[in-house]
Amino acid sequence: MVDTQENLAAVLYAAKDLRVEKRPMSPCLGETDVLLSMRSVGICGSDIKYWAYGKCGRFVLNEPMVIGHEASGQVIAIGAKVKHLKIGDRVAVEPGIPCRQCRLCKQGRYNLCVDVQFCATPPVHGNLCTYYVHPADFCFRLPDNVTDEEGALMEPLAVAVYSCERGSVTSGSRLLICGAGPIGLLTMMTARAMGAVEFTITDIDDHRLEIAKKYGATHTINVTGCSSDDIAKRVVETLNGEKPDISMECSGSDLSLVACIHATSTGGTIVLVGRGSLDVSLPLVEVAAKELNINGIFRYANAYPKALAMLTSGSIDVKSLVTHRFTLQETEEAFKTAASRDSKAIKVIISCHEEKE
């Protein structure tokens, strides 16, 4: 049996106070749970916000919390009622556990469950640790051709899959994507796999825009210092007077959201992927006159199987997004790297076992 005293975890005590320390595991393994030896954990933008500011949107860190939610692990023990997994299986961990009983859960929109317990969303602990207990039905077995790192990246890929579904991306779609970070890049890759044909990507970082070009962006625009009107005009000019059918706001910029409203084609769709201010002023008369659909997303639902299918088939390659790798003991340095523009990091992965991959 695993020595629970040797469970190392990355614990965030407050903004910029991150400690790697021994912590006890969950005291018991439920009948429908699995015990995982954690393998790879990615650093998400929300993780960085908790680390830098002690909060992310409406969620505030008030007590020490184990960080991390983009994760893969290996099953080392199973509950008595677990049938679809066995010891030794490698799995991707879907980090949000709903109540399974409410109306939204039964409708399949379990991401909106008011009682959802999501890893590393205060006060729920995350999984950047050596060992972790998780419900088996939210663990997805990885085939041999999918690596531990790819398993961890299934979490942001699930965001991209769900975003494209909310945007009704289909064959021939033309997209504007605001933000060339990991989510913006994965959204572009996912949309292409769904048949989209044109991608205009905006950002304020030339390096990230160059990366976007390498991944197939049709057009890239550096919008540093631009107003929302300027951004929209530059998008339309770049498209020779045409407008995108679908706009994905992946940067969390209020200004970019307004630009999406101006730039999107009449009858088009805007998807709010990033998280901006809690109270944003929007030109709603323009939204109404153009009959724009503005769809929010909150994490994802039923997206992990689709993300896994894309990885397994090779229709999406996420491996090259990983630019930096660290061990669990190097977690603080990993967060500094992920937060620094100078590092030119795209995706930072932490290995929870002893050796780096």
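Report on the accompanying structure. Since the model is a prediction, treat every value here as computed from it, not as a measurement. (Residues numbered from 1 in each chain as written. Predicted model: local features only at pLDDT ≥ 70, side-chain atom pairs only at ≥ 80, totals over all residues. Heavy atoms only, no water.)

## Regarding helix α7 (residues 254-263)
Consideration 1: A large share of α7 lies buried, amounting to 8 of its 10 residues.
Consideration 2: Taken together, the buried residues of α7 touch β13 (174-178), α6 (228-238), β16 (246-249), β17 (269-272), α8 (284-289) and β18 (293-296).
Consideration 3: For α7, the N-terminal capping position is held by Ser 253, with its side-chain oxygen 3.3 Å away from the main-chain nitrogen of Leu 255. (Buried < 20%, exposed > 50% of the residue type's maximum accessible area, 1.4 Å probe, protein only. Helix = DSSP H or I, 4+ residues; strand = E, 2+ residues; numbered from the N terminus. Contact = heavy atoms within 4.5 Å. Polar contact = N/O pair within 3.5 Å; in protein donor to acceptor, adjacent residues only side chain to side chain.)

## Considering the nonpolar core
Consideration 1: Counting 58 residues, the largest nonpolar core has Val 169, Leu 175, Met 188, Ile 201, Met 248 and Tyr 300 as the members making the most contacts within it.
Consideration 2: Ranked by the residues each element gives to this core, the list is headed by helix α3 (residues 148-166), at 10 residues.
Consideration 3: Those residues in contact with Met 248 that sit more than four places away from it in its chain are Ser 163, Cys 164, Val 169, Leu 175, Leu 176, Ile 177, Cys 178, Thr 187, Val 271 and Val 273.
Consideration 4: In this structure, Leu 36, Ile 43, Ile 67 and Cys 352 belong to the second largest nonpolar core, which totals 40 residues. (Core = buried A, V, L, I, M, F, W, Y, C linked by side-chain atoms within 4.5 Å.)

## Section: the sheet that holds strand β15 (residues 219-222)
Consideration 1: The strand order β15-β14-β13-β16-β17-β18 describes an open sheet built from 6 strands, whose pairing is parallel. Pairing within the sheet leaves two strands with one partner each, and these edge strands are β15 and β18. Put simply, the sheet's adjacent strands are angled 15° from each other on average, direction ignored.
Consideration 2: Pairing of β13 with β16, which is carried by 4 bridges, proceeds in the parallel orientation. Residue pairing in the sheet places Leu 175 in a bridge with Ile 246 of β16.
Consideration 3: Sheet strands in contact with α3 are β16, β17 and β18, and its direction is about 150° off that of β17.
Consideration 4: Taken strand by strand, helix α5 (residues 206-214) contacts β14 (198-203) and β15, and its axis lies near 175° from that of β15. (Pairing = 2+ DSSP bridges. Axes fitted to C-alpha atoms, helices over the stretch in contact; angles between N-to-C directions.)

## Some remarks on the pairing of strand β3 (residues 33-42)
Consideration 1: Counting buried positions over the 10 residues of β3 gives 9, a clear majority of the element.
Consideration 2: As judged from the 5 bridges shared by β3 and strand β11 (residues 131-135), these two strands associate in the antiparallel manner. Each bridged residue has a counterpart across the sheet, and for Leu 36 the counterpart in β11 is Tyr 132.
Consideration 3: Examined bridge by bridge, β3 and strand β20 (residues 347-351) share 3 bridges and lie antiparallel to one another. Within β20, the position partnered with Ser 40 by the bridge is Ser 351.

## Quick word on the sheet that holds strand β2 (residues 17-22)
Consideration 1: Taken together, the 3 strands give an open sheet; going across it, the order is β2-β1-β6, and neighbouring strands pair in antiparallel fashion. Edge positions in the sheet fall to β2 and β6 (65-66), since each of these pairs with one other strand and no more.
Consideration 2: With 6 bridges connecting them, strand β1 (residues 8-14) and β2 associate as antiparallel partners. When the bridges of β2 are listed, Val 11 appears paired with Arg 19.

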